[in-house]
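So you can see what is in the structure, the chains are spelled out below.
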Amino acid sequence: MARRDTGQDTARQDARGVDDSRAAALVQRLLSVGIDGAGPFAGAAEVAREARSEHPSTESAVHAVVRRHTRLVAASGFATGVGGLVTLPVALPANVAGFYVLATRAVAAVAELRGYDTSRPEVRSAVLLTLVGADATDVLKSAGLPSLNIGGRLASLATRRWPPAVLMLVNKGVGFRLIARVGTGGLLRAGSRVVPVLGGAVGAGADALMLRRIAKHAEHALPPVSPGAVDGGGPAALDGRAEP
């Protein structure tokens, strides 16, 4: 009996290790590609600069970024479903990953336009949190920051200094929730995309709607910040040491 229990414990630990690895890999991809860019895929700061140069006000530039990324995810969603059941096993995972990379870049570009520095780890964590919507509150609680999501705003996270260990917990929590959503959402998406062309239209609409929801949350949660608003001194670290 003891051997069986030990075996079950080992299996659970192995599974948790796989989940940790997947969550870390997903978060790293979103940060390195979605925010910083890769190759011809422009980073969020570049997208923000381009939008700012083409539009007379910050908010019109924000709306332009959201419209652009809504079109991009809709095109990706259509391409995923247009082939129907034959192409679904390959297309769907690529679409899910691509959607969250584009959503991350859209939110990060909005943050840049609103005055946040997306090279700062606190801002990057705040960007990730917008991807999980209402689950952000639970993520913050798990990281020991239960009071930051008052009113749905994450500006208090983005404009203060936090210990790296706390931000790591926040990022990991986001990764776990996105992986869970990919699992359940993937099944729902598969059911609606088995019919060629029609599945493409459904996929395009669903992805566009989800992107708009994330963007709306980001616009509310990350209001414009004035220069110098970042707390350079920072709060005391949760382990009792002051943040350098």
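Up top you'll find the structure we're talking about.
Residues numbered from 1 in each chain as written. Predicted model: local features only at pLDDT ≥ 70, side-chain atom pairs only at ≥ 80, totals over all residues. Heavy atoms only, no water.

### Looking at helix α5 (residues 121-130)
(1) Moving on: The buried fraction of α5 amounts to nine of the ten residues, a majority that puts the element mostly inside the structure.
(2) Moving on: Of all the residues in α5, the buried ones are E122, V123, R124, S125, A126, V127, L128, L129 and T130. (Buried < 20%, exposed > 50% of the residue type's maximum accessible area, 1.4 Å probe, protein only. Helix = DSSP H or I, 4+ residues; strand = E, 2+ residues; numbered from the N terminus.)

### Considerations on the nonpolar core
(1) Moving on: With 59 residues, the main nonpolar core has L30, Y116, L129, L131, L178 and L222 as its most contacted residues.
(2) Moving on: Element by element, the count of residues in this core is highest for helix α4 (residues 88-113), at eleven residues.
(3) Moving on: Beyond its immediate sequence surroundings of up to four residues, L178 is in contact with L26, L30, Y100, L131 and V132. (Core = buried A, V, L, I, M, F, W, Y, C linked by side-chain atoms within 4.5 Å. Contact = heavy atoms within 4.5 Å.)

### Here's the deal with the packing of aromatic side chains
(1) Moving on: Taken as a whole, this structure holds one aromatic pair when the rule is applied.
(2) Moving on: Centre to centre, the rings of F99 and Y100 are 5.2 Å apart; their planes meet at 80 degrees, and the pair counts as edge-to-face. Exposure class is identical for F99 and Y100. Each is buried.
(3) Moving on: In this structure, R105 packs its charged tip against the face of F41, placed 4.1 Å from the ring centre. (Phe/Tyr/Trp six-rings, centres within 6.5 Å; stacked < 30°, edge-to-face > 60°. Lys NZ or Arg CZ within 6 Å of the ring centre and 35° of its normal.)

### Regarding helix α2 (residues 44-54)
(1) Moving on: For α2, every residue scored as buried is listed here: A44, V47, A48 and A51. The buried residues of α2 occupy an angular sector of 100 degrees when the element is viewed end-on, so they sit on one face. Along α2, exposed side chains directed more than 90 degrees from the buried face belong to R49 and S53. (Arc of directions from axis to C-beta.)

### With respect to the environment of H63
(1) Moving on: In this fold, H63 is placed in helix α3 (residues 58-82).
(2) Moving on: The class of H63 is partly exposed, set by a relative accessible area of 37%.

### Section: the side chain of R114
(1) Moving on: Looking at the element boundaries, R114 is found in the loop between α4 and α5.
(2) Moving on: We classify R114 as buried; its relative accessible area is 6%.
(3) Moving on: Contacts of R114, omitting those with residues within four sequence positions, involve E59, V62, E219, L222, P223, P224 and V225.

### Focus: the pattern of salt bridges
(1) Moving on: Counted by the stated rule, this structure contains four salt bridges.
(2) Moving on: Salt-bridge contacts for R114 lead to E59; the nearest nitrogen and oxygen are separated by 3.0 Å. Of this pair, R114 sits in the loop between α4 and α5 while E59 is found in helix α3, placing the two residues 55 residues apart along the sequence.
(3) Moving on: For E59, a relative accessible area of 30% translates into the label partly exposed.
(4) Moving on: Between R120 and E122 there is a salt bridge, and its shortest N-O distance comes to 3.0 Å. By the burial criterion, R120 is buried, and E122 matches it. (Salt bridge = Lys/Arg side-chain N within 4 Å of Asp/Glu carboxyl O.)

### Here we look at the side chain of T159
(1) Moving on: Take T159: it is sitting in the loop between α7 (155-158) and α8 (164-192).
(2) Moving on: Within the structure, the side chain of T159 is placed 2.6 Å from the backbone oxygen of A155, a separation counted as a polar contact. (Polar contact = N/O pair within 3.5 Å; in protein donor to acceptor, adjacent residues only side chain to side chain.)

### As for the environment of R67
(1) Moving on: Structurally, the position occupied by R67 is in helix α3.
(2) Moving on: On the basis of relative accessible area, R67 is assigned to the partly exposed category, the value being 44%.
(3) Moving on: In this structure the C-alpha to C-alpha distance between R67 and L211, which are 144 residues apart in sequence, comes to 9.6 Å.

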